[in-house]
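Fold and contact review
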Amino acid sequence: MARTAAGRRSGKRRKGKEAVRTASGRYRPDRYVARTTLERAFADFRTFVAVGGSGQGKTSWSSHLLASPPEGFVTLLVPAEQIAASDRSPVDTIARLLTARPLGRVPQHEIDRSIWEWLEAGNRLLIVDGLDRVRANVLEILSQWLGSAVDITRKASVRLVLTARQEVWKLVRSQLPGFEERLFRPEETNEESPSYLLGDLDSEAAEEVYGVYGVSPAQHRGVRLRSPSLIALFAGLKASVPAVVTRLSILEAQRLEVERELRSAGVGAIVASKVLSWLGDQLRASTDGWIEAADGSSLTEPLDALVASDRLILQDGSLRIDSDDLAEMLLARRLTQEDIIRSLDGGRTDPIFMGAASLTIAMSESEGGVDAALGALLNHAPPGLSGRLDAAAGAILELQSPDLVVHRVRQAVQLWNEPNHLLFASTLGTMINEVGLPGRARFELVLPLIKGEDADDWRDKYLCGDLPGRWISPFATAIERSILEAPEGMLSEIIGLFGSEDRTGSGVGRTLLYRAAELSPGLALEAAWSAQRELPDAFYLASIAAPAAAARFRASIELDSPATASFVVRRLRMVAHHDGW
């Protein structure tokens, strides 16, 4: 044992990975997609805690570190559920896991000494994954165990990585006074979260995860999925369902998978369905996702099975569904239209309820009732920000055929009377960007929102790249997206905006013409040339956006008059002296 522990790194690393895979099938490095901010943050800290919600990639990252450790390091991964109440340190846990295999008659003190020799022999990375999965009786000794883990980083060249769900880490760190000062602390954090938060995927990260699984957000309706696990679930569903699917159908597949897991654990089909319905009913009165455990009831067995499979979190006699997406789905199946309106008008806005409300409304699409359901919300919604508007916008994102309720999309947009930067606080901002409609339909729907823009955010200086000072609203991204999808079909409308006497309208038109010329230079230049007598700057701007195409276009212009020749020469000089604003 001593020779193996202190021996060649490659041999030890191979054995370490082998032991972990035997302990758990979760650790598959092929599921990992790098998050740049996480990798950058991790590079600078000896002790590092990554916290995050269900499916956000904590275990996948641990698997990646196991398979591809930092240069010069050898990795050892300990799944937190392997910690026993009798363990006082990581050395105890590692030794116990090793002695679970035949090692002959090696005395315990020699095993412990060999582990210490291995830790001290070179650069080591110790990963403790899933502190939220430790057994209840282990919580009593966990602070001592983690304190010992930190002591190891002081005594040897060891880096320590811990992963946990956010709510569990808050509980654990409260038992470790002074521990948090040694943790990664991003600049924007506060005292309540001294660790790295793996939050919802941003657009760029989501696109990368979609790509790894060989799928695209264009293959399902609605918003981009927010976690790697949901994207993986969608990829599996997409493989068997060739038609475009919705987030609703993805979550329904997840619910059915949970039912199958319960049946595999020995729970009958009726009881499996009953316990999921019970969870949905309990969520009707919960605004934080936590519900009281049903001790002593007929549901104890299936609830225990859900806890054992990490579908439920059990803490201090309360339960929480591990995945907020699944919680939304279970609650959605137990809500009625009347429940939703009553709760919204009563001021309820907690995220799980809002997501469930949107799903409930979307469920009526299959029965032909979604138009009436959306009308019930929007017909009496107040102008501006409101729960009714958010629920309706969320429901539209979940629909299989949003084109059949375009008038409801328009009705939702017409309710907006706030500055457009506030669209970030409303689901309407997400809806106008992500709803599955053609480019021209999106353009026509969002154009009325132009009144909420600031003209200064549409100045020509912002055409050449990302300069500081511009506030890019959801309206801006939506209307530019409509041009990206079909620039040639909206050139006359763009030229009309370009010539607007309103400064904001003109600024939006100039930006959209520039983007259209980048995408379809020939058509944009032709449209701008046709308008050159009334709007001479239009052709100049399109030329700047696509100079090579403009040069070819000018060669085809018939100089049939001195005025035309003079105009072309002036434009050539302007382009030649263009300094990029």
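So, here is what we can say about the structure in this document. As the structure is a prediction and not an experimental result, all values here were calculated from the model.

1. Focus on the overall build of the chain
- Of regular secondary structure, the chain possesses 28 helices and 8 strands.
- Relative to its full complement of 581 residues, the chain shows a buried share of 51%.
- Sequence-distant contacts in the chain: of pairs separated by 6 or more residues, those separated by 24 or more amount to 70%.
- Of the roughly 26600 Å² that the chain leaves accessible, carbon and sulfur atoms contribute 51%.

2. Points about the pattern of salt bridges
- Inspection of the entire model under this criterion finds 27 salt bridges.
- With a shortest N-O distance of 2.8 Å, E328 and R247 are connected by a salt bridge. You can see E328 sitting in helix α14 (residues 324-332) and its partner R247 sitting in helix α11 (residues 247-264), a full 81 residues away along the chain. Grouping residues by exposure puts E328 and R247 together as buried.
- A salt bridge links D460 to R510, with the shortest nitrogen-to-oxygen separation between them at 2.7 Å. Placement of the pair is D460 in the loop between α21 (439-446) and α22 (474-485) and R510 in helix α24 (residues 503-519), with a sequence separation of 50 residues.
- What makes D460 buried here is its relative accessible area of 17%.
- Taking relative accessible area as the criterion, R510 reaches 15% and is therefore assigned buried.
- One continuous salt-bridge network, built from bridges that share partners, spans E252, R255, E259, R263 and R333.

3. Some details on the side chain of R408
- Considering the arrangement of structural elements, one finds R408 in helix α19 (residues 406-414).
- Here R408 falls in the buried class, since its relative accessible area comes to 13%.
- The residues contacting R408, other than those within four sequence positions of it, are D371, L374, G375, L378, N379 and I396.

4. A word on the environment of G507
- Looking at the secondary structure, you find G507 in helix α24.
- Judged by relative accessible area, G507 falls into the buried class, the value being 7%.
- Taking the C-alpha atoms as reference, G507 lies 6.6 Å from A455; in sequence the two are 52 residues apart.

5. Quick notes on the pairing of strand β8 (residues 318-321)
- Neither face of β8 is left uncovered, since the one carrying S318 and R320 and the one carrying L319 and I321 both have all their residues buried.
- Examined bridge by bridge, strand β6 (residues 290-292) and β8 share 3 bridges and lie antiparallel to one another. Across the sheet, the residue bridging to E292 is S318, located in β8.
- With 4 bridges joining them, strand β7 (residues 312-315) and β8 adopt antiparallel strand pairing. Bridge pairing in β8 links Q315 to S318.
- In sequence, β7 turns back onto β8 through a hairpin of 2 residues, with D316 there showing a positive phi of about 50°.

6. What to know about the sheet that holds β8
- Taken in spatial order, the 3 strands make up an open sheet running β6-β8-β7, and their pairing is antiparallel. In this open sheet, the two edge strands, each paired with only one partner strand, are β6 and β7. Taking each pair of neighbouring strands and ignoring which way they run, the sheet shows an average axis angle of 30°.

7. A few points about the packing of aromatic side chains
- Taken as a whole, this structure holds 8 aromatic pairs when the rule is applied.
- Geometrically, the ring pair formed by F42 and W61 is edge-to-face, given 5.2 Å between the ring centres and 90° between the ring planes. Of this pair, F42 sits in helix α3 (residues 36-42) while W61 sits in helix α4 (residues 58-67); the two residues are 19 residues apart in sequence, bridging distant segments of the chain.
- Since its relative accessible area comes to 0%, W61 is described here as buried.
- When the centroid spacing of 6.3 Å and the interplanar angle of 70° are considered together, the rings of W458 and F475 count as edge-to-face. With W458 in the loop between α21 and α22 and F475 in helix α22, this pair connects stretches of sequence that are 17 residues apart. The pair formed by W458 and F475 is uniform in burial state, with each residue classed as buried.
- By way of ring pairs, the aromatic residues F42, F48 and W61 are connected into one cluster.
- Looking at R470, its charged tip hangs above the ring of W458, at a distance of 4.7 Å from the centre.

8. Quick word on the sheet that holds strand β1 (residues 47-52)
- Strand order in the open sheet formed by 5 strands is β2-β3-β4-β1-β5, and the pairing between neighbours is parallel. Only two strands of the sheet have a single neighbouring strand rather than two, namely β2 (74-79) and β5 (196-198). Taken pair by pair, the neighbouring strands of this sheet meet at an average axis angle of 20°, ignoring direction.
- Both β2 and strand β3 (residues 124-129) contribute to a ladder of 6 bridges, which runs parallel. Bridge assignment links L77 to a residue of β3, and that residue is I127.
- Docked against the sheet, helix α7 (residues 139-155) engages β1, β3 and β4 (158-164), running at close to 150° with respect to β4.

9. Some thoughts on the environment of S63
- Along the chain, S63 falls in helix α4.
- Look at S63 and you get buried, because its relative accessible area is 2%.
- C-alpha of S63 to C-alpha of I127: the two residues are 64 residues apart in sequence and 9.5 Å apart in space.

10. Describing the pairing of β3
- Of all 6 residues in β3, 6 are buried, a share of seventy percent or more.
- Residues of β3 alternate between two faces, with R124, L126 and V128 on one and L125, I127 and D129 on the opposite face, all of them buried.
- For β3 and β4, the ladder comprises 5 bridges, and the chain directions are parallel. Residue pairing in the sheet places V128 in a bridge with L162 of β4.
- Chirality of the crossover, the property in question, places the unit of β3, α7 and β4 among those that are right-handed.

Scoring rules and cut-offs
Residues numbered from 1 in each chain as written. Predicted model: local features only at pLDDT ≥ 70, side-chain atom pairs only at ≥ 80, totals over all residues. Heavy atoms only, no water. Helix = DSSP H or I, 4+ residues; strand = E, 2+ residues; numbered from the N terminus. Buried < 20%, exposed > 50% of the residue type's maximum accessible area, 1.4 Å probe, protein only. Contact = heavy atoms within 4.5 Å. Areas by Shrake-Rupley, 256 points an atom, 1.4 Å probe, with all protein chains shown as cover. Salt bridge = Lys/Arg side-chain N within 4 Å of Asp/Glu carboxyl O. Pairing = 2+ DSSP bridges. Axes fitted to C-alpha atoms, helices over the stretch in contact; angles between N-to-C directions. Phe/Tyr/Trp six-rings, centres within 6.5 Å; stacked < 30°, edge-to-face > 60°. Lys NZ or Arg CZ within 6 Å of the ring centre and 35° of its normal. Right-handed = clockwise from strand over helix to strand, strands pointing away.

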